[in-house]
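Each chain is listed here by its residues.
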Amino acid sequence: MLESKLNGAKESPPGTKRTTNIVAKHVWEARYLYILLLPLVAYYVVFHYYPMYGIIIAFKEYSFSKGILGSPWVGLKQFESMFSLPQFIDVLKNTLILAAGRIVIEFPIPIIFALLLNEVRRTLTKRFYQTVFTFPHFLSWVIVSGILINFLSDSGVLNQLLQYVGLPKINLLMEPSSFRGLLFGTSIWKEMGWGTIIYLAAIAGIDPALYEAASIDGANRFQRMLRITWPSIRSTAAVLFILQVGNIMNGAGFDQIFNMYHPGVYEVSDILDTFIYRSTFYEGGSFSFSTAVGVFKSIINCILLIIANLAVKRMGQGGLM
Amino acid sequence: MVEKRGWPNVVIHLILIFVAVLILVPMYNVVLISFADPGAIAKQAIYLIPTSFDLSSYKYIFSGDTVFRALGVSAIVTIVGTLINIALTTIGAYALSKKHLPGKNAFLVGILITMLFNGGLIPIYLTVKQLGLINSVMSMILPLAINTFYLIIMLTYFRTVPEALEESAKIDGANDIQVLLRIVLPISMPTIAAITLFYAVDRWNEWWSALLYISETNKFPMQLYLREMLVDVNKMMNNAYAASMASEMRNTYPEGLKMATVVVTMLPVMCIYPFLQRFFSAGVMIGSLKE
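Residues numbered from 1 in each chain as written. Chains lettered and ligands numbered in written order. Predicted model: local features only at pLDDT ≥ 70, side-chain atom pairs only at ≥ 80, totals over all residues. Heavy atoms only, no water.

Visitor: Looking at this structure, I do not really get the overall build of chain A. What am I missing?
Guide: Across its full length, chain A holds 17 helices and 0 strands. What you see for chain A is a C-alpha radius of gyration of 27 Å, clearly larger than the 20 Å of a compact globule of 321 residues, by over 25%. Along the first, second and third principal axes, the C-alpha set of chain A runs to 95 × 70 × 35 Å. Looking at chain A as a whole, 50% of its 321 residues are labelled buried. Relative to all contacts within chain A whose residues are 6 or more apart in sequence, the contacts with residues 24 or more apart total 64%. Roughly 15,400 Å² of accessible area belongs to chain A as shown, and the carbon and sulfur atoms make up 66% of that amount. (Helix = DSSP H or I, 4+ residues; strand = E, 2+ residues; numbered from the N terminus. Rg over C-alpha atoms; globule rule 2.2 N^0.38 Å. Buried < 20%, exposed > 50% of the residue type's maximum accessible area, 1.4 Å probe, protein only. Contact = heavy atoms within 4.5 Å. Areas by Shrake-Rupley, 256 points an atom, 1.4 Å probe, with all protein chains shown as cover.)

Visitor: Is there a simple way to think about the interface of chain A and chain B in this case?
Guide: One widely used convention gives an interface's size as the accessible area the parts lose upon coming together. Facing 97 residues of chain A, the contacting portion of chain B comprises 102 residues. For the chain A and chain B pair, buried surface summed over both sides reaches about 8,800 Å², with 76% attributable to carbon and sulfur atoms. Joining chain A to chain B, the criterion identifies 0 salt bridges. Put simply, chain A and chain B have 17 residue pairs in polar contact (both at pLDDT 80 or more) between them. The element that contributes the greatest number of residues to the side of chain A that touches chain B is helix H3 (residues 31–53) of chain A, accounting for 18 residues. Counted by class, the side of chain A that touches chain B contains 67 nonpolar, 21 polar and 9 charged residues. (Buried area = accessible area lost by both parts, 1.4 Å probe. Salt bridge = Lys/Arg side-chain N within 4 Å of Asp/Glu carboxyl O. Polar contact = N/O pair within 3.5 Å; in protein donor to acceptor, adjacent residues only side chain to side chain. Nonpolar A, V, L, I, M, F, W, Y, C, P; charged D, E, K, R; others polar.)

Visitor: I would appreciate a short explanation of the packing of H3 of chain A against helix H4 (residues 66–96) of chain B in the present structure.
Guide: Between two packed helices, what matters for the description is the angle formed by their axes and the separation of those axes. Orientation of H3 of chain A relative to H4 of chain B, taken along the N-to-C sense of each, is 135 degrees, at an axis distance of 8 Å. The orientation of H3 of chain A with respect to H4 of chain B, classified from their angle, is oblique. By crossing handedness, the relation of H3 of chain A to H4 of chain B is classed as left-handed. Taken together, the residues of H4 of chain B that come into contact with H3 of chain A (itself represented by Leu33, Leu36, Leu37, Pro39 and Leu40 of chain A) are Leu88, Ile91, Gly92, Tyr94, Ala95 and Leu96 of chain B. Across the contact of H3 of chain A with H4 of chain B, the residue classes tally to 10 nonpolar, 1 polar and no charged. (Axes fitted to C-alpha atoms, helices over the stretch in contact; angles between N-to-C directions. Parallel < 35°, antiparallel > 145°, perpendicular 65-115°, else oblique. Left-handed = near helix turned anticlockwise from the far one by under 90°.)

Visitor: How do you make sense of H3 of chain A when you look at a structure like this?
Guide: Each α-helix turn comprises 3.6 residues. Residues three or four places apart therefore point the same way. The axis of H3 of chain A is deflected most strongly, by about 40 degrees, at Leu37 of chain A, and proline Pro39 of chain A appears within four residues downstream. Those residues of H3 of chain A that sit buried are Leu33, Leu36, Leu37, Leu40, Tyr43, Tyr44, Phe47, His48, Pro51 and Met52 of chain A. (Bend = angle between axes of the 7 residues up to and from the residue.)

Visitor: What am I meant to see in helix H13 (residues 221–245) of chain A here?
Guide: Of all bends in H13 of chain A, the biggest is about 45 degrees, found at Trp230 of chain A, and the proline Pro231 of chain A comes one to four residues later. Considered for burial, the residues of H13 of chain A that qualify are Arg221, Arg224, Met225, Ile228, Thr229, Ile233, Thr236, Ala237, Ala238, Val239, Ile242 and Val245 of chain A. Close packing links the buried residues of H13 of chain A with helix H6 (86–106), helix H7 (108–118), helix H11 (176–204), helix H12 (208–216) and helix H17 (287–314) of chain A together with helix H1 (7–34) of chain B. A side-chain oxygen of the first residue of H13 of chain A lies 3.0 Å from the backbone nitrogen of Phe222 of chain A; this N-cap is Asn220 of chain A.

Visitor: In this structure, what is going on with the pattern of salt bridges? I would like to understand it.
Guide: All names here are of chain A. Evaluated as defined, the whole model comprises 13 salt bridges over all chains. Taking the shortest distance from any N to any O, the salt bridge between Lys77 and Glu61 comes out at 2.6 Å. Here the residue Lys77 occupies a position in helix H5 (residues 77–84), and Glu61 occupies one in the loop between H3 and helix H4 (67–70), the gap between them amounting to 16 residues. Since its relative accessible area comes to 40%, Lys77 is described here as partly exposed.

Visitor: Where do I start with the side chain of Ser153 of chain A in this structure?
Guide: All names here are of chain A. Tracing the chain through its elements places Ser153 in the loop between helix H9 (141–152) and helix H10 (157–164). With a relative accessible area of 14%, Ser153 lands in the buried category. Apart from residues no more than four positions distant in its own chain, Ser153 is found in contact with Asn159 and Leu173.

Visitor: In this structure, what is going on with empty space enclosed by the protein? I would like to understand it.
Guide: Vacant regions in the atomic arrangement are exposed by a probe of water-molecule size rolled over the atoms. Residues and elements named next belong to chain B. Evaluation of the coordinates by the stated rule reveals 1 cavity of 30 Å³ or more. The computed volume of the largest cavity comes to approximately 40 Å³. What lines the largest cavity is simply Ser74, Val77, Met140, Arg203, Trp204, Glu206 and Pro221. Sorting the residues of the lining of the largest cavity by element identifies H4 and helix H10 (189–204) as the ones contributing at least two each. Here the residues of the lining of the largest cavity are counted per class, giving 4 nonpolar, 1 polar and 2 charged. (1 Å grid on protein atoms, 1.4 Å probe; cavity = no way out; pocket = protein on both sides within 12 Å on 5 of 7 lines; lining within 4 Å. Points joined across faces, edges and corners; volume = space filled by probe spheres on them.)

Visitor: Explain the domain arrangement of chain B here, please?
Guide: Residue and element names in this part refer to chain B. Each assigned domain of chain B is listed with its residue range as follows: domain 1 (7–54) and domain 2 (64–290). Contact residues are listed per partner, giving 5 residues for domain 1 and 7 residues for domain 2. Both sides of the domain 1 and domain 2 interface together cover about 470 Å² of buried area, and 92% of this is carbon and sulfur. When the buried surface of domain 1 facing domain 2 is broken down by residue, Val30, Ile33 and Ser34 rank first, second and third, together holding 75% of it. At the boundary of domain 1 and domain 2, one finds 0 salt bridges. Here the residues of the side of domain 1 that touches domain 2 are counted per class, giving 4 nonpolar, 1 polar and no charged. (Domains from an automatic or database assignment.)

Visitor: Would you explain a nonpolar patch on the surface in this entry?
Guide: On the surface, a nonpolar cluster with roughly 360 Å² of combined accessible area is contributed by Ile76, Ile79, Val80 and Leu83 of chain B. Residue placement: Ile79 of chain B occurs in helix H4. (Patch = residues over 30% accessible without salt bridge, like charges linked within 9 Å, V, L, I, M, F, W, Y side chains within 5 Å.)

Visitor: Help me understand the side chain of Lys190 of chain A in this model?
Guide: All names here are of chain A. For Lys190, the position within the fold is in helix H11. For Lys190, a relative accessible area of 5% puts it in the buried group. The residues contacting Lys190, other than those within four sequence positions of it, are Pro136, His137, Leu139, Ser140, Trp141 and Val144.

Visitor: What is the right way to read the packing of aromatic side chains from this model?
Guide: For any two aromatic rings, the description comes down to two numbers: the centre-to-centre distance and the angle of the planes. Residues and elements named next belong to chain A. In total, this model carries 42 aromatic pairs over all chains according to the counting rule given. Measuring from centroid to centroid gives 5.8 Å for Phe128 and Tyr129, while their planes differ by 55 degrees, and the two rings are tilted. Note on Phe128: relative accessible area 44%, which makes it partly exposed. Exposure remark for Tyr129: the relative accessible area of 2% places this residue in the buried category. Positioned above the aromatic ring of Trp28 is the side chain of Arg31, whose terminal nitrogen or guanidinium carbon lies 4.2 Å from the ring centre. Sitting above the plane of the Trp73 ring, Lys60 keeps its charged end 4.6 Å from the centroid. (Phe/Tyr/Trp six-rings, centres within 6.5 Å; stacked < 30°, edge-to-face > 60°. Lys NZ or Arg CZ within 6 Å of the ring centre and 35° of its normal.)

Visitor: Got a minute to help me understand the confidence of the model for chain A in this structure?
Guide: Detailed reading of the predicted model is not advised wherever pLDDT is low. All names here are of chain A. With 93% of its residues at a pLDDT of 70 or more, chain A has an overall mean of 85. Between the elements of chain A, mean pLDDT differs from a low of 43, seen in helix H1 (residues 2–11), to a high of 94, seen in H3. For residues 1–13, every residue scores under 50 in pLDDT, and the model assigns this stretch 6 contacts once sequence neighbours within four places are set aside. (pLDDT = per-residue confidence, 0-100.)

Printed below as a string of structure tokens:
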């Protein structure tokens, strides 16, 4: 009875009613999938979308007692005070210099090492290198800073070695002039091996026949690397490049800097994220001000992502969107 | 194909060996110092060859209950956190992998947007505070319940599961949840295991949420405990002498204690690492990039 009724309803009414019925039917059929989706939606709403609404405190003067809605609107005051802060320009400069440095200095390293590792023929040897190179990725920056501070400190192994061969000590950790270099170097130390994996996976997908054909045509090893291997990982590199540029304001490396810097090197390593954290949680700064700095960061990020995507598309590498 | 292996090979291996040494020596030195007798370190010009074996650093850090408590907190966060992670990621990714799910694209876009934009530090902090999670172990778990990157990897994987497998179960009257539990999960174990391990490492390494949300020292996880030990300097941010104090503070904790704590903190990751490694070449990580 009921079944025939349902079928009848599905066939008879024309136009919009029918499509809504079909949609409703699809939704009803997927009801169990929606149940499965429920926790995920709850998570993203509570911990991602609800905080986005909290962004409005960047345009308010937030106070704990009044809450987000009750706090008074102050327009762009927080942004004005951000730009008028003398430190702000330095912090912004550090953020951009460090993020750009990561792209220029750190970005190519995994590509180079993937190409080198690819030249290692014996599987066991290759696996040994990969095992060693990738391990530090799985350690937190807390641990890595502990390891590297021990190694590089005044009484660390590096300085013991230098002394042993009669060279003067260098204190990389304390010296503002070399601190940025140290940040790049230690980040390469930790992440290089992990970075090669994605490229090695791309290389593994190359048809061996290409190499054979090239050898028959007399291409040497270097030529094959340049003409076959590199072109086949170029699009992977392009995607990673866009992602990194689009994340430039976060890409300065908060986790690392926060665990390695100290007041002696603030001038060269204090970035927006560390600045926000300190001004809020150490110096008791205003929540609204810190949020405004965060909003500023997101806007710059968004602009850069669009530019990077356009640039890569121009270069004929597809792009993300 | 036989090939001459001349000097390029030598150069390549020299570079790779040099880098491997550069990565291994600092870690090796940490382990060495944690097991060393301070006197022996002072006697040698370069402490790279062990001349002493002394467990006093370890005895000391395990003498009180602070380290045990920190390890306990880390264990809870890792176990409960990883279970929540993998449960939410698996069921969410499965539902989103279904082509016929109405509104699927809206959900996907909504999720991808969160990769580009977030509320930022303060709004997220306020959210956690409103939920009453400050100083609760759950503050280290719930805000990180799903990693969008891993979610997309799972989703990409589920799309490769042949539909025919599920159809037959559906014809027998099973609903989507039953299909997931009985048919899809058993054949997806390798991918789920990989993502579980990645999540576990992330949860073990978590220090940032703890720093933000946990102020009671008896709820500190191991990473934060270690951090406090290593960089006490940061606590003296406002101190005018902080810069000069920085170098002194590094010596207040005997080096051996710090290094023993480093070793204890990284040991679980070292144990998991061989299993993690099996998944590198599986190409699981690349799937997400092709999205």
